[in-house]
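# Descriptive structure summary
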Amino acid sequence: MSRTLRALFAGSALIVLASCAGMEAATPVTDAAAPAASADYTQLITDLRVLSADDMEGRDTGAPGGERARAYIVSRLDALGIAAPPVGRLQPWEMQGRTREGPKTFNGTNVLAVIPGTRVTDRYIVITAHYDHVGVNDGQVFNGADDNASGVATALEIAARLKAAPPEHSVIFAFLDGEERGLLGARHFVEAPPVPLTSIALNLNFDMTARAETDMKLWVTGTYQNPTLRPILEPLAPEGGVSLAFGKDTPQDTGANNWVEASDHAAFYRAGLPFLYLGVDYHPDYHRPTDDFDKVNPVLFAAATELGWRSFQALDRALDR
């Protein structure tokens, strides 16, 4: 999640999971049952671990670590056999962004993939997750496990499931660069979209899906602006100790408690497109070098991803009816 719209910048343990039932929490859990589904979350956890490892060097835009993260995402999409859109797998851009020292020109690259729909082939749900983070600062690596290796891992899990069982709507996956520098990749995507903006039914943005200090909620931001979407998601039951919460999007939500423009979905919002943002609340390791893989509770992360998947399914079934 970007803090640039307000103020920029305020050796992981490997967990191998054969199934959700076999997970052990990396931190204590209170009243958190394992996700109900019998899915194998090994790859989900592996993606999170790899993307938030020290050798990714905080995945800064234009830095070698960011390039390594991008190559990993491309390799995962290629291994899944998910095609690139006609414009290609990579969407490079050059834009001016923000740093602690002042404005700077960044060269970034979005990673794109597309899965054709079975019912509404000419309407697209765009699933976004930014893969960049803030890099190395004062000699410390900001690994960004929750922000946003988690959202990327969640989106890759959804991509794998949709490759196995195609969606009703066509889906574009956009793994975006430069979010931390001012939503740069999302802005470029909207300015140079791979499909006409009029064909985009919804942007579903995943940013920070892995952490909670106490009661874990996956916040849904954007139903105030898109009120027809809330009844689609409200019936969804909690998943393994994680529940949906709606808000952080009204005029009464101010400052850091308003997330309407807090992440990449803001570019779609500004373009007048429907959007929903799914993510957890801030935690003490947000934008700190301590946002590491070993702070993530794998049970809750898997549950949040499962709830994100069920949210996508409900939206995919209900839109354009």
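Quick look at the structure, then. (Residues numbered from 1 in each chain as written. Predicted model: local features only at pLDDT ≥ 70, side-chain atom pairs only at ≥ 80, totals over all residues. Heavy atoms only, no water.)

## Here's the deal with the nonpolar core
For clarity, the cut-off: Buried Ala, Val, Leu, Ile, Met, Phe, Trp, Tyr and Cys residues that are joined via side-chain atoms within 4.5 Å together make up what is termed a nonpolar core. Working definition: with a 1.4 Å probe on protein chains only, accessible area under 20% of the residue-type maximum means buried, over 50% means exposed, and in between means partly exposed. What counts as a helix is a DSSP run of H or I of at least four residues, what counts as a strand is a run of E of at least two, and both are numbered from the N terminus. In what follows, a contact means two residues having at least one pair of non-hydrogen atoms within 4.5 Å.
Counting 71 residues, the largest nonpolar core has I127, F173, F175, L233 and L276 as the members making the most contacts within it. Here the element with the most residues in this core is helix α7 (residues 298-318); it accounts for 10 residues. With sequence-adjacent residues up to four places away left out, L276 is seen in contact with L202, N203, L204, N205, V220, T221, G222, T223, L229, L233 and L315. Within the second largest apolar cluster, 15 residues are counted, among which are Y124, I172, A174 and L273.

## Examining the packing of aromatic side chains
Rule in force here: A pair of aromatic rings is counted whenever rings of Phe, Tyr or Trp (Trp by its six-membered ring) have centres within 6.5 Å, and the orientation is called stacked for planes under 30 degrees apart, edge-to-face for over 60 and tilted otherwise.
A complete count under the given rule lists 7 aromatic pairs for this structure. Taken together, a centroid distance of 5.7 Å and an interplanar angle of 45° make the contact between F189 and F268 tilted. Taken together, the positions of F189 in helix α4 (residues 184-191) and F268 in helix α6 (residues 265-270) put the pair 79 residues apart, joining distant regions of the chain. In this structure, F189 and F268 share a single accessibility class: buried. When the centroid spacing of 4.9 Å and the interplanar angle of 65° are considered together, the rings of Y282 and Y286 count as edge-to-face. Here Y282 falls in the partly exposed class, since its relative accessible area comes to 26%.

## Some words on the environment of L176
Mapped onto the fold, L176 is located in strand β6 (residues 169-176). Between the C-alpha atoms of L176 and Y131, which are 45 residues apart in sequence, the distance is 6.0 Å.

## Remarks on the packing of helix α1 (residues 42-51) against helix α2 (residues 64-80)
For clarity, the threshold we go by: Interaxial angle, 0 to 180 degrees, is taken between N-to-C directions of lines fitted to C-alpha atoms, where a helix line uses only the stretch in contact. Note on angle classes: values under 35 degrees are labelled roughly parallel, values over 145 roughly antiparallel, values of 65 to 115 roughly perpendicular, and the remainder oblique. By definition, turning the near helix anticlockwise from the far helix through less than a right angle yields a left-handed crossing, and turning it clockwise yields a right-handed one. Gly counts as polar in this scheme, as do all residues outside two lists: the nonpolar Ala, Val, Leu, Ile, Met, Phe, Trp, Tyr, Cys and Pro, and the charged Asp, Glu, Lys and Arg.
Viewed as axis vectors pointing N to C, α1 and α2 meet at an angle of 160°, and their least axial separation amounts to 10 Å. One way to sum up the angle between α1 and α2 is to call them roughly antiparallel. Pair α1 / α2 crosses with right-handed handedness. On the side of α1, the interface is formed by Q43, T46, D47, V50 and L51, while α2 contributes A69, Y72, I73 and R76. Of the residues that constitute the contact of α1 with α2, the class distribution is 5 nonpolar, 2 polar and 2 charged.

## Looking at the sheet that holds strand β1 (residues 90-99)
Within a sheet, adjacent strands bond to each other through the backbone by hydrogen bonds, running parallel or antiparallel. This is how the line gets drawn: Two strands pair if DSSP finds at least two bridges between them.
Spatial strand order, β1-β2-β6-β3-β7-β10-β8-β9: 8 strands in an open sheet with mixed pairing. At either margin of the open sheet sits one strand with a lone partner, and together these are β1 and β9 (243-246). The mean inter-strand angle of the sheet, taken between neighbouring strand axes irrespective of direction, is 25°. Strand contacts of α2: β1, β2 (102-115) and β6, with the helix running at about 5° to β2, the strand carrying the most contacts. Of the strands in this sheet, β2, β3 (120-130), β6 and β7 (200-206) touch helix α3 (residues 145-164), which is tilted by about 150° from β3.

## A word on α7
The condition is simple: Every helix has an expected span of 1.5 Å times one less than the residues it contains. Think of a polar contact as two N or O atoms within 3.5 Å of one another; within protein, one of them needs to be a possible hydrogen donor and the other a possible acceptor, and neighboring residues in sequence only count if both atoms come from side chains.
Taking 1.5 Å of rise per residue, 21 residues should cover 30 Å, and α7 covers 30 Å from first to last C-alpha, within 8% of that figure. The buried count for α7 comes to 18 of 21 residues, which makes it a mostly enclosed element. At the N-terminal end of α7, a side-chain oxygen is found 2.9 Å from the backbone nitrogen of V299, two or three residues along, and the residue is N297. Note on α7: the residue one or two positions beyond its end, D320, has a positive phi of about 60°.

## Some thoughts on the layout of surface pockets
Our working rule: Lining residues are those with an atom within 4 Å of a point, where the points come from a 1 Å grid over the protein atoms alone and group into cavities, where a 1.4 Å probe fits but cannot get out, or pockets, open sets with protein on both sides within 12 Å along at least five of seven lines. Grid points are joined across faces, edges and corners, and a volume is the space filled by probe spheres set on the points.
Quantified by volume, the second largest pocket comes out at close to 150 Å³. Taken together, 14 residues make up the lining of the second largest pocket; nearest its centre are D60, T99, K104, F106 and R181. Elements with a contribution of two residues or more to the lining of the second largest pocket: β2 and β4 (136-137). Here the lining of the second largest pocket is composed, by residue class, of 5 nonpolar, 4 polar and 5 charged.

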